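Structure assessment
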Amino acid sequence: MKINFTVGPAALPRIAIERAREDLVDFEGTGISVVEQSHRGAAYERVQAEAIALLRGLLAVPDTHDILLLSGGARTQFAMLPLNLLTPGTFASYAITGYWARSAYDEAAFLGDVRIAADTREPDGGYRRVPGPGELAIDRDAVYLHICSNNTIYGTQWRELPDTGAVPLVADMTSDLLSRPIDVARFGMIYAAAQKNLGPAGVVAVIIRKDLIERSRQDIPKVWRYAIHSQHKSLYYTPTMFAVATMRHVLEHAVAIGGVSAIEATNREKARRLYAALDARPELYRVPAAEDSRSHTIVTFFLPDADGDARFLAEASRRGMVGLKGHRTVGGIRAGIYNWVSLDDVDALVELIAGFRG
Ligand code: PMP
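Residues numbered from 1 in each chain as written. Predicted model: local features only at pLDDT ≥ 70, side-chain atom pairs only at ≥ 80, totals over all residues. Heavy atoms only, no water.

Take the pattern of salt bridges next. Counted under the stated rule, the structure contains 20 salt bridges. Residues Asp-279 and Arg-294 are paired through a salt bridge, measuring 3.0 Å at the closest nitrogen-oxygen approach. Taken together, the positions of Asp-279 in helix α8 (residues 259-279) and Arg-294 in the loop between α8 and β11 (298-301) put the pair 15 residues apart, joining distant regions of the chain. The shortest N-O distance in the salt bridge between Arg-281 and Glu-283 comes to 3.8 Å. Put simply, Glu-28, Arg-46, Glu-50 and Arg-248 are held in one network by salt bridges that share partners. (Salt bridge = Lys/Arg side-chain N within 4 Å of Asp/Glu carboxyl O. Helix = DSSP H or I, 4+ residues; strand = E, 2+ residues; numbered from the N terminus.)

Turning our eyes to something else, we now look at the sheet that holds strand β2 (residues 65-71). The strand order β2-β10-β9-β8-β5-β3-β4 describes an open sheet built from 7 strands, whose pairing is mixed. Of all the strands in the sheet, the pair left with one neighbour each is β2 and β4 (113-119). Within this sheet the neighbouring strands show an average axis-to-axis angle of 20°, counted without direction. As paired strands, strand β5 (residues 145-148) and strand β8 (residues 169-172) are joined by 4 bridges and run parallel to one another. Directly across from Cys-148, in β8, lies its bridge partner Asp-172. Along the sheet, helix α3 (residues 74-85) makes contact with β2, β3 (91-96), β5, β8, β9 (187-193) and β10 (203-209), crossing β9 at roughly 150°. Packing against the sheet, helix α4 (residues 99-111) makes contact with β3, β4, β5, β8 and β9, and its axis sits at approximately 160° to β3. (Pairing = 2+ DSSP bridges. Axes fitted to C-alpha atoms, helices over the stretch in contact; angles between N-to-C directions. Contact = heavy atoms within 4.5 Å.)

Quick look at the site of the ligand now. By nearness alone, 13 residues border the ligand, and Arg-75, Thr-152, Asp-172, Gln-195 and Lys-196 come closest of all. The side chain of Thr-152 places a nitrogen or oxygen atom 2.5 Å from an oxygen atom of the ligand. Residue Asp-172 places a side-chain N or O atom 2.6 Å away from a nitrogen atom belonging to the ligand. Here the ligand loses 84% of its free accessible area of 400 Å² to cover by the protein chains. Looking at the shell around the ligand element by element, the count peaks at 3 residues for α3. Taken together, the residues of the shell around the ligand break down into 5 nonpolar, 5 polar and 3 charged. (Near = heavy atom within 4 Å. Polar contact = N/O pair within 3.5 Å; in protein donor to acceptor, adjacent residues only side chain to side chain. Areas by Shrake-Rupley, 256 points an atom, 1.4 Å probe, with all protein chains shown as cover. Nonpolar A, V, L, I, M, F, W, Y, C, P; charged D, E, K, R; others polar.)

Attention shifts here to the side chain of Ser-179. If you trace the backbone, Ser-179 turns up in the loop between β8 and β9. Looking at Ser-179, the relative accessible area reads 4%, which means it is buried. Only 2.7 Å separates the side chain of Ser-179 from the backbone oxygen of Asp-176, close enough to count as a polar contact. If near-sequence neighbours (up to four positions away) are discounted, Ser-179 is found in contact with Asn-197, Val-260, Ile-263, Glu-264, Asn-267, Thr-297 and Asn-339. (Buried < 20%, exposed > 50% of the residue type's maximum accessible area, 1.4 Å probe, protein only.)

Before going further, it helps to examine the domain arrangement of the protein. Here the protein is described as being made up of domain 1 (15-256) and domain 2 (258-355). For domain 1 versus domain 2, the separation of C-alpha centres amounts to 26 Å. Taken together, the contacts link 26 residues of domain 1 with 27 residues of domain 2. Counting each side, the surface lost to burial between domain 1 and domain 2 is near 2200 Å², with a carbon and sulfur contribution of 53%. Counting every contact that joins domain 1 to domain 2 gives 0 salt bridges. Taken together, the links from domain 1 to domain 2 amount to 19 residue pairs in polar contact (both at pLDDT 80 or more). For the side of domain 1 that touches domain 2, the secondary structure elements donating two or more residues are α2 (42-59), β7 (156-157) and α7 (241-256). Element by element, the count of residues in the side of domain 1 that touches domain 2 is highest for α7, at 5 residues. (Domains from an automatic or database assignment. Buried area = accessible area lost by both parts, 1.4 Å probe.)

Across its 13 residues, helix α10 (residues 343-355) extends 18 Å between first and last C-alpha, which sits within 8% of the 18 Å expected from 1.5 Å per residue. Along α10, the residues that are buried comprise Val-346, Ala-348, Leu-349, Val-350, Leu-352 and Ile-353. (Expected span 1.5 Å × (residues − 1).)

Within this structure, the stated rule accounts for 11 aromatic pairs. Taking the centre distance of 6.2 Å and the plane angle of 85° together, the rings of Tyr-285 and Phe-312 count as edge-to-face. Here Phe-312 lies in helix α9 (residues 306-318) and Tyr-285 lies in the loop between α8 and β11, a separation of 27 residues in the sequence. Both residues of the pair, Tyr-285 and Phe-312, belong to the buried class. Their ring planes at 85° and their centres at 5.5 Å tell us that Phe-301 and Phe-312 sit as a pair that is edge-to-face. Remark: Phe-312 occurs in helix α9 and Phe-301 occurs in strand β11; sequence separation between them is 11 residues. With a relative accessible area of 0%, Phe-312 lands in the buried category. Among the aromatic residues, ring-to-ring pairing joins Phe-78, Tyr-99, Trp-100 and Tyr-191 into one connected group. The ring of Phe-91 carries the charged tip of Arg-115 above its face, separated from the ring centre by 3.7 Å. The ring of Phe-302 has Arg-286 lying over it, and the distance from NZ or CZ to the ring centre is 4.7 Å. (Phe/Tyr/Trp six-rings, centres within 6.5 Å; stacked < 30°, edge-to-face > 60°. Lys NZ or Arg CZ within 6 Å of the ring centre and 35° of its normal.)

So, in structure tokens, the structure goes:
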């Protein structure tokens, strides 16, 4: 078996993969595969409802918020969010802290009036940090303020989530949902494509305040309306059944190992060990993320030159580690250390970092 540090679609718990294999052959004792079922059948409906209930329990989602499981990924939400909430005559604020935050902004700008609440882009075009508390311009009239809680390409993270007062906070939590406890009541909406911590690609979790659904636009096509998906309990269109059923197994496992607090404790320790190993050898490794913005799920670093990066990657590959190549736009090394990457897996990488000759 390989040690999988890919940043997404990322490693899933072994037990969830094994149960998914069973589902592919005989789903819930129906004698047919999960991909051959009616999504209106009792077996699938129960499993989808369970997946939603597990997510609600794990994140302590209050009754004020609905949970939708929609098809597509996070990018669908870059458009669906402003389509629904950026009504004519209003504007939304966006904090730009990386490629994905920028992409969300661009998509909204295509549809309506958007303003920049902060932009931490460096002169070289990269992003190393999230804004400090005083740096975020919170306009009280904005219909929402959008952040990307974890910047998958740059390895930066909002360690403290901003207080936006009465302005609904909307977060793309694709690469850190379920990695740490959050107070969902503070958010107007959270969305996360599944393929990091939740399950296979193809499904996106949307946790949205019910009053925002009520206020959302009704003059857009039905398929894009949060209200329609809410009314139909995420069964308006045929869901990505295999992805949702597998998500249920992942979430069951998350509960079995102690829930989000236990998961966070391990994630913290994984990040601590990796950053400590990198910081111990400053002559060999450079971590671009500013100290107070360092992500606990994505660790990016560079050797002194591209040849060094390549040699490091070759040695990692020899040791059975995959998925460590940095994003094509920035290079270097990038380790996805999401929930299902174990402490032992991280220790293998720590050992390589500590012993690598350069
Ligand atoms: N937002 C973030 C933070 C991401 O990491 C990604 C994918 N890596 C996306 C959005 C885009 O997700 P999708 O490909 O599911 O649209």
